[in-house]
Structure formats: structure tokens, C-alpha cells
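Residue-level structural notes
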Amino acid sequence: MDVIEILREASNRIYENVKDLAGTEDAAGDFGIGAGGDISRNIDIIAEKTVLDYLKEINFECVVLGEECGRVELSDKPQGFVIMDAIDGSANAVRGVPFFCSSLAFATEDKLSSITDGVITNLSNGEMYWASKNKGAFFNNKQIKVHKKDPVYKIVGINTSGASIELMNKLHPIFKNHDHIRHFGANALEMAMFARGLMDIFIDLRNKIRIQDIAAGYVIVKEAGGMILDENLNPLDADLSYETRVSFIAAANQEILDETMSQINN
Ligand code: IPD
Ligand code: CA
């Protein structure tokens, strides 16, 4: 079975197991601080267990790097790493805001740039985004590309959750110059929507985002023809450690990148 098929099946199983849970009291149950540093909610635990059970069932030889469960070695001769944020947008999921997803990626080495496959499922409706290296990115079964034409409305995604006053000041010209700034609360799903052409640029300069939140989005954005850069505008890369936090910019083309960066820097 191809890795992408394994991730797709795992993602489908998460959807089946949590789709009726969002917004219920049961979703919120507190399981203490997870490996990623946030409180693990019952919905997070159920979703992660679904993936771990499935990977064990098919004897997939890998090391899982889960946001809640931490590093789980399912084999002593692993083919690579399954990078799992079983629920991205946990706060939305617990409250019942219909914008949360699962994010599963596969990397052959301990670095973002070695990711070969990624799947993001919108858990409020089961829609799936997926990509494999050099094979393109897909939304359900349709190939997707970032938005290359001049859009009717330019949509700029910016994650400002917990941003410092210095960062807000730096970003202020963008807020001032663009009418259509968006932030929905699940980074992975926002990256997937960007890859599908629904946003022109997506910016997260908080230096807070974990590898689990961006791993699948990383390959989906690249395979959809998007640029994914760090805060110094170099190609984004990082190790897969639990301590790693990154900033990144996903841009549909050089023009929107230059336009946006000139506003940030001025
Ligand atoms: C969160 C979401 C959110 C971002 C936070 C992340 P989680 O992921 O991606 O958009 O602002 O920094 O922690 O905790 O729901 O998996
Ligand atoms: Ca999560």
C-alpha cells in the first residue's frame, strides 16, 4: 500500500470517529498537557488513537510524532516518520466552530524538506486535501493549484493568535492596506485552502507554530505550486523536534510576496 493511501485511510477513520463529537461536552474532556505543550482534549485523544490503532493494524513500520502522544516507535526498523496533528484547530472543534481538520504527513528523515506525503481532512465535512512529492496536490480527486491569476478580491490570511505588540505593529500596514484579512483558527486547513487557491498569501510570523501543524500543509502547498518560505524568505526547512517552532509565509506568486513583504518592512 502506498504511503499516501495509508495516510488517506487513517484520515478517513479520524473523520468517521470524531464527526459527531465536535461541540459536545464529551469533546472537551481534559487529559493534561500533551507532547506539543497544549492541553490534550478528549477529541484529540480519540483522533490520535484512531491513527495509532490503524498503523498498528496494518503493521506500518514507522515512528509516529504525535502532537499529544509524542514519539511512538511502531518499529525498530522504521521507513520514516508519521507526523500527526490528529486535530488541528482543537479550540474550534471543542466549541463546535466548523473549522478544524486532521493533518498527517510522512517524512523519510528528521526534517521538513524530506516530507513526501501529506493529507489534510476538513473534519467538519470530510473534504480531503492530499499530495505526494512530484505527483501534484488534490482536493478530493481534483488536482489543485494556488491562485495564479489576479484575483477579484485579494484574500490575505494572517495568523495573529497570541501575536506580540511588536509583530502586530509590523503587520499593521497589511491590515491597513487590505480589506480582506482572514484568520480561521486551524493553520493546516488554512494552508490547504491556500493551496486550493482560496487565499493569495498566508502568513504566520509568530514563531509559535509546531511542525505537526504545518507538515502536511508544507507538501500540499509545494505540490500546488505555492512558495513556502521562512521569515528571511529562504525556503522553509526545520527539524522535526518537539522544541522546534517556525514562522512561515506561503505565497501564490512572487508578485504578492513582494507586495506584502514591502509593506511589512516599511
Ligand atoms: C493550533 C492551530 C491554530 C494556531 C495555533 C495552533 P492546534 O493548532 O493551528 O491555527 O494559531 O498556534 O496551536 O493546537 O489546534 O492543533
Ligand atoms: Ca492539535
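Residues numbered from 1 in each chain as written. Chains lettered and ligands numbered in written order. Predicted model: local features only at pLDDT ≥ 70, side-chain atom pairs only at ≥ 80, totals over all residues. Heavy atoms only, no water.

Right, let's talk about the coordination of the calcium ion (ligand 2) for a bit. Coordination of the calcium ion (ligand 2) by the protein involves Glu-67 (OE), Asp-85 (OD) and Ile-87 (O), with metal-donor separations of 2.2 to 2.5 Å. Mapping the donors of the calcium ion (ligand 2) onto the primary sequence yields the spacing E-x17-D-x1-I. Highlighted residues: Glu-67 in the loop between β3 (63-66) and β4 (70-73) and Asp-85 in strand β5 (residues 81-88), separated in sequence by 18 residues. Taking the relative accessible area as the measure of exposure, Glu-67 reaches 4% and is therefore buried. For Asp-85, a relative accessible area of 0% corresponds to the buried category. (Donors = N, O, S within 2.8 Å, 3.2 Å for Na, K, Ca; no water. Helix = DSSP H or I, 4+ residues; strand = E, 2+ residues; numbered from the N terminus. Buried < 20%, exposed > 50% of the residue type's maximum accessible area, 1.4 Å probe, protein only.)

The next point concerns the site of ligand 1. Taken together, 16 residues sit near ligand 1, with Asp-88, Gly-89, Ser-90, Asn-159 and Arg-210 positioned nearest. In the model, an oxygen atom of ligand 1 is placed 3.1 Å from a nitrogen or oxygen of the Glu-67 side chain. The separation between an oxygen atom of ligand 1 and a polar side-chain atom of Arg-210 is 2.8 Å. Contact with the protein chains removes 86% of the 370 Å² of surface that ligand 1 exposes when unbound. A molecule is said to occupy a pocket when more than half its atoms come within 2 Å of that pocket's grid points, and by this definition ligand 1 occupies the largest pocket. Secondary structure elements with two or more residues in the shell around ligand 1: β5 and β13 (201-210). (Near = heavy atom within 4 Å. Polar contact = N/O pair within 3.5 Å; in protein donor to acceptor, adjacent residues only side chain to side chain. Areas by Shrake-Rupley, 256 points an atom, 1.4 Å probe, with all protein chains shown as cover. 1 Å grid on protein atoms, 1.4 Å probe; cavity = no way out; pocket = protein on both sides within 12 Å on 5 of 7 lines; lining within 4 Å. Sits in = over half its atoms within 2 Å of the grid points.)

Let us now look at the environment of Ala-131. Residue placement: Ala-131 occurs in strand β8 (residues 128-132). The spatial distance from the C-alpha of Ala-131 to the C-alpha of Leu-55 is 19 Å, given a sequence separation of 76 residues. Contact partners of Ala-131, with chain neighbours within four places excluded, come to Ile-4, Thr-116, Asp-117, Gly-118, Gly-136, Ala-137, Val-219, Ile-220 and Glu-223. (Contact = heavy atoms within 4.5 Å.)

The tendency in soluble globular proteins is for nonpolar side chains to be buried as a group. By size, the foremost hydrophobic cluster in this structure holds 47 residues, and its most contacted members are Ile-83, Ile-115, Ile-120, Tyr-129, Leu-189, Ile-220 and Phe-248. Residue contributions to this core peak at eight residues, all from helix α7 (residues 211-223). Of the domains in this structure, domain 1 (3-143) and domain 2 (156-265) are the two that each give at least three residues to this core. The residues touching Phe-248, leaving out its near neighbours within four places in the chain, are Asn-187, Met-191, Phe-202, Ile-203, Asp-204, Leu-205, Ile-209, Ile-214, Ile-228, Leu-229, Asp-230 and Leu-236. In terms of nonpolar packing, the next biggest core, distinct from the first, is built from 33 residues, Leu-7, Ala-10, Tyr-15 and Met-84 among them. (Core = buried A, V, L, I, M, F, W, Y, C linked by side-chain atoms within 4.5 Å. Domains from an automatic or database assignment.)

What follows deals with the domain arrangement of the protein. Domain parsing of the protein yields domain 1 (3-143) and domain 2 (156-265). Centre-to-centre, using C-alpha coordinates, domain 1 lies 21 Å away from domain 2. In this complex, domain 1 contributes 45 residues to the contact, which on the side of domain 2 involves 31 residues. Looking at the side of domain 1 facing domain 2, the largest losses of area belong to Phe-99, Leu-112 and Tyr-129, adding up to 27% of the total buried there. At the surface where domain 1 touches domain 2, the tally comes to two salt bridges. If one sorts the elements of the side of domain 1 that touches domain 2 by residue count, strand β7 (residues 115-122) sits on top with seven residues. For the side of domain 1 that touches domain 2, the per-class residue count stands at 20 nonpolar, 13 polar and 12 charged. (Buried area = accessible area lost by both parts, 1.4 Å probe. Salt bridge = Lys/Arg side-chain N within 4 Å of Asp/Glu carboxyl O. Nonpolar A, V, L, I, M, F, W, Y, C, P; charged D, E, K, R; others polar.)

Moving on, we come to the packing of aromatic side chains. Counted by the stated rule, this structure contains five aromatic pairs. Across the ring face of Trp-130, the terminal group of Arg-8 is positioned such that the distance to the ring centre comes to 4.2 Å. The cationic tip of Arg-196 hangs over the ring face of Phe-139; the distance from NZ or CZ to the ring centre is 3.9 Å. (Phe/Tyr/Trp six-rings, centres within 6.5 Å; stacked < 30°, edge-to-face > 60°. Lys NZ or Arg CZ within 6 Å of the ring centre and 35° of its normal.)

Along the chain, Asn-159 turns up in the loop between β11 (156-158) and α5 (165-177). On the basis of relative accessible area, Asn-159 is assigned to the buried category, the value being 5%. At 3.1 Å, the side chain of Asn-159 forms a polar contact with the side chain of His-183. Setting aside residues up to four positions removed in sequence, Asn-159 forms contacts with His-183, Asn-187, Phe-202, Ile-203, Asp-204 and Arg-206.

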